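# A look at the structure
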Amino acid sequence: MSTEQSGGIRMQRGRSAVSLSDLMTAELLRPGQELSFRGSETARATVTKSGGLLIDGTEYKSPSTAAKAVNGGVATNGWLAWYGVEGDVRVSLDNLRTQFTEQRSV
């Protein structure tokens, strides 16, 4: 798998070097925060202290495996599919990851 630099953070093509734990450390996410799945009124995940997503009692280690679980087994980019709500604004995990990488490159 090839790698490239992005905002000072080493990225593997197809995989992010940024984790949910990184976003929590940067205070962009918090344990217990509820995330919604795009296109669904009912699919929800809770951010765990260990940096996973909890859905119906099962903890998933990555946003994409959690997205696949709620999307009928179809591979889905969880960074784009999961979002939090702050006030009236929906913010995807991908946007939070971008904020994180921009903060790190300053």
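Residues numbered from 1 in each chain as written. Predicted model: local features only at pLDDT ≥ 70, side-chain atom pairs only at ≥ 80, totals over all residues. Heavy atoms only, no water.

What follows is about the environment of Arg 38. Position of Arg 38 relative to the elements: it lies in the loop between strand S3 (34-37) and strand S4 (44-47). Accessibility expressed as a relative area gives 40% for Arg 38, which makes it partly exposed. Residues Arg 38 and Tyr 83 lie 45 residues apart in sequence; the distance between their C-alpha atoms is 7.3 Å. Sequence-distant contacts of Arg 38, defined by excluding residues within four places in its chain, comprise Thr 76, Leu 80, Ala 81 and Tyr 83. (Helix = DSSP H or I, 4+ residues; strand = E, 2+ residues; numbered from the N terminus. Buried < 20%, exposed > 50% of the residue type's maximum accessible area, 1.4 Å probe, protein only. Contact = heavy atoms within 4.5 Å.)

The next subject is the sheet that holds strand S7 (residues 82-86). Taken in spatial order, the six strands line up as S6-S5-S4-S3-S7-S8 in an open sheet, and their pairing is antiparallel. Looking at the sheet topology across the chains shown, the edges are occupied by strand S6 (58-60) and strand S8 (89-92). Put simply, the sheet's adjacent strands are angled 40 degrees from each other on average, direction ignored. Pairing between strand S5 (residues 53-55) and S6: three bridges, direction antiparallel. Bridge pairing links Ile 55 to Thr 58 in S6. This element, helix H4 (residues 93-105), spans S3, S7 and S8 of the sheet and lies at about 70 degrees to S8. (Pairing = 2+ DSSP bridges. Axes fitted to C-alpha atoms, helices over the stretch in contact; angles between N-to-C directions.)

Attention now goes to the nonpolar core. Ranked by internal contacts, the top residues of the largest apolar core, which has 22 residues, are Leu 23, Leu 29, Leu 53, Trp 82 and Leu 93. Among the secondary structure elements, those contributing two or more residues to this core are helix H1 (20-25), S3, S4, S5, helix H2 (63-70), helix H3 (78-81) and H4. (Core = buried A, V, L, I, M, F, W, Y, C linked by side-chain atoms within 4.5 Å.)

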